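# Fold and contact review
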Amino acid sequence: MLDSLPVGGVLVVLAVAMLLCFEAGYRIGRWWQGKTPDEKEGPTGMIVGSLLALMAFLLAITMGMASDRYNARRGLVLDEANAIGTVYLRAGYLPQPVSDDTRTLLREYIPLRIVSSDDGSLDVRLARSAEISNSLWSMAEDQARANPDSVVLGLYIDALNHMFDVSESRVTAGVYARVPSTVLLLLVIGACLALAMVGYNAGLTRRRSLLTAVVLVIALSAVITLVIDL
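Residues numbered from 1 in each chain as written. Predicted model: local features only at pLDDT ≥ 70, side-chain atom pairs only at ≥ 80, totals over all residues. Heavy atoms only, no water.

## Observations regarding the packing of aromatic side chains
- Scanning the entire structure with this criterion turns up 2 aromatic pairs.
- Measuring from ring centre to ring centre gives 5.9 Å for Trp 31 and Trp 32, while their planes differ by 50°; the resulting arrangement is tilted.
- Residue classification places Trp 32 among the partly exposed residues on the basis of a relative accessible area of 29%.
- With 6.0 Å between their ring centres and 65° between their planes, Trp 137 and Phe 164 make a pair best called edge-to-face. Linking Trp 137 in helix 4 (residues 122-146) with Phe 164 in helix 5 (residues 151-176), this pair joins segments that are 27 residues apart in sequence.
- Of note, Arg 103 hangs over the ring of Tyr 88, and the distance from its end group to the ring centre comes to 4.9 Å. (Phe/Tyr/Trp six-rings, centres within 6.5 Å; stacked < 30°, edge-to-face > 60°. Buried < 20%, exposed > 50% of the residue type's maximum accessible area, 1.4 Å probe, protein only. Helix = DSSP H or I, 4+ residues; strand = E, 2+ residues; numbered from the N terminus. Lys NZ or Arg CZ within 6 Å of the ring centre and 35° of its normal.)

As structure tokens, then:
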């Protein structure tokens, strides 16, 4: 759902939501303090500090998860590029016109693998990639039946099979192996609740610093946005 949104838009939405939570908490705190002026504030400040510490802990863990997955995807991109290059070179082992046809399909295949998931055509590109993969494998099967004892053909088929394996690994890592959406939702809700409690504590004391609140909001929003981006 977030792939179609620009990173800057995510940052703005998060910052506005957290500022609104801070303001709502502040107004509730002032209202409660005015309603019960003789009641002691209680350990609100300690609770706010604990919430912020918990948010820092969650952000650190989630950032580690996102970074690991990002590095894994980068490694798979390099592996796939090398695998496609090997297949393209070993396609020269095939007889004509199969060799030229194979390289033509690979030249169409390569741009399909250079794609960002936010351009709206990911499903189309994946479907076309699968069609080309099936065509390449069918051509390799025909050559294997015609030349069952060819060593160089075996090298080509081995490289082709490795390219398919890396391709599937990259799709799995890029589309499915992300930071779970429940974790991201927990981060956003936790940050909003923490900001609401900061505002509530400020409302109880009838003292608030907008500059401090804005800095805290920007810092939390920026880190969560970075996690989403990764």
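## What to know about helix 2 (residues 44-90)
- Over its 47 residues, helix 2 runs 69 Å from end to end, which matches the ideal 69 Å to within 8%, given 1.5 Å per residue.
- Of the residues making up helix 2, those classed as buried are Thr 44, Val 48, Met 55, Leu 59, Thr 62, Ala 66, Arg 73, Leu 76, Glu 80, Ala 83, Ile 84 and Val 87. (Expected span 1.5 Å × (residues − 1).)

## What about a nonpolar patch on the surface?
- Among the surface-exposed residues, Tyr 93, Val 151, Val 152 and Leu 155 lie close enough to one another that they form a single nonpolar patch of about 360 Å² accessible area.
- With respect to the helices and strands, the residue Leu 155 is situated in helix 5.
- Residue class for Leu 155 comes out partly exposed when judged on its relative accessible area of 37%. (Patch = residues over 30% accessible without salt bridge, like charges linked within 9 Å, V, L, I, M, F, W, Y side chains within 5 Å. Areas by Shrake-Rupley, 256 points an atom, 1.4 Å probe, with all protein chains shown as cover. Salt bridge = Lys/Arg side-chain N within 4 Å of Asp/Glu carboxyl O.)

## Concerning the state of the cysteines
- Scanning the model with the defined rule gives 0 disulfides in all.
- Here Cys 21 is not disulfide-linked; the sulfur of Cys 192 is the nearest cysteine sulfur, at 3.9 Å.
- Note on Cys 192: relative accessible area 14%, which makes it buried. (Disulfide = S-S within 2.5 Å.)

## Thoughts on the pattern of salt bridges
- Counted according to the given criterion, the structure contains 7 salt bridges.
- In this structure, the salt-bridge partner of Arg 128 is Glu 108, at a minimum N-O distance of 2.8 Å. On the criterion of sequence distance, the pair formed by Arg 128 in helix 4 and Glu 108 in helix 3 (residues 98-113) is long-range, its members being 20 residues apart.
- As a salt-bridge pair, Asp 142 and Arg 145 come within 3.3 Å of each other at their nearest N and O atoms. Of the two residues, Asp 142 and Arg 145 both sit in helix 4, 3 residues apart, roughly one turn of that helix.
- Linked through salt bridges whose partners overlap, the residues forming this network are Glu 80, Arg 113 and Arg 170.

## Quick look at the side chain of Arg 170
- Along the chain, Arg 170 turns up in helix 5.
- For Arg 170, the side chain forms a polar contact with the side chain of Glu 80, separated by 2.8 Å. (Polar contact = N/O pair within 3.5 Å; in protein donor to acceptor, adjacent residues only side chain to side chain.)

## So, the side chain of Ser 129
- When you line up the elements, Ser 129 lands in helix 4.
- A polar contact of 2.8 Å, which involves the side chain of Ser 129, links it to the backbone oxygen of Arg 125.
- Those residues in contact with Ser 129 that sit more than four places away from it in its chain are Tyr 109, Leu 112 and Arg 113. (Contact = heavy atoms within 4.5 Å.)

## Section: the nonpolar core
- The biggest cluster of nonpolar side chains holds 20 residues, and the ones touching the most others in it are Val 87, Ile 132, Leu 136, Tyr 156, Leu 160 and Met 163.
- Elements represented by at least two residues in this core include exactly helix 2, helix 3, helix 4 and helix 5.
- Broken down by element, the residue count for this core peaks at 6 residues, all from helix 5.
- If we skip the residues at most four places from it in the chain, Leu 136 touches Thr 102, Leu 105, Leu 106, Tyr 156, Leu 160, Met 163 and Phe 164.
- One finds Val 10, Leu 14, Ala 191 and Leu 195 within the second-largest nonpolar core, a separate group that totals 18 residues. (Core = buried A, V, L, I, M, F, W, Y, C linked by side-chain atoms within 4.5 Å.)

## Examining helix 4
- Compared with the 36 Å implied by 1.5 Å per residue over 25 residues, the 36 Å span of helix 4 between its first and last C-alpha is a close match.
- For helix 4, every residue scored as buried is listed here: Leu 122, Ser 129, Ile 132, Ser 133, Leu 136, Met 139, Ala 140 and Gln 143.

## Observations concerning the environment of Thr 104
- Along the chain, the position of Thr 104 falls in helix 3.
- According to the relative accessible area criterion, Thr 104 is partly exposed, its value standing at 43%.
- Each C-alpha atom of the pair Thr 104 and Tyr 88 lies 9.5 Å from the other, and the pair is 16 residues apart in sequence.

## Thoughts on unusual backbone geometry
- Gln 96 connects to Pro 97 through a cis peptide bond whose omega is 0°.
- Note on placement: Pro 97 falls in the loop between helix 2 and helix 3.

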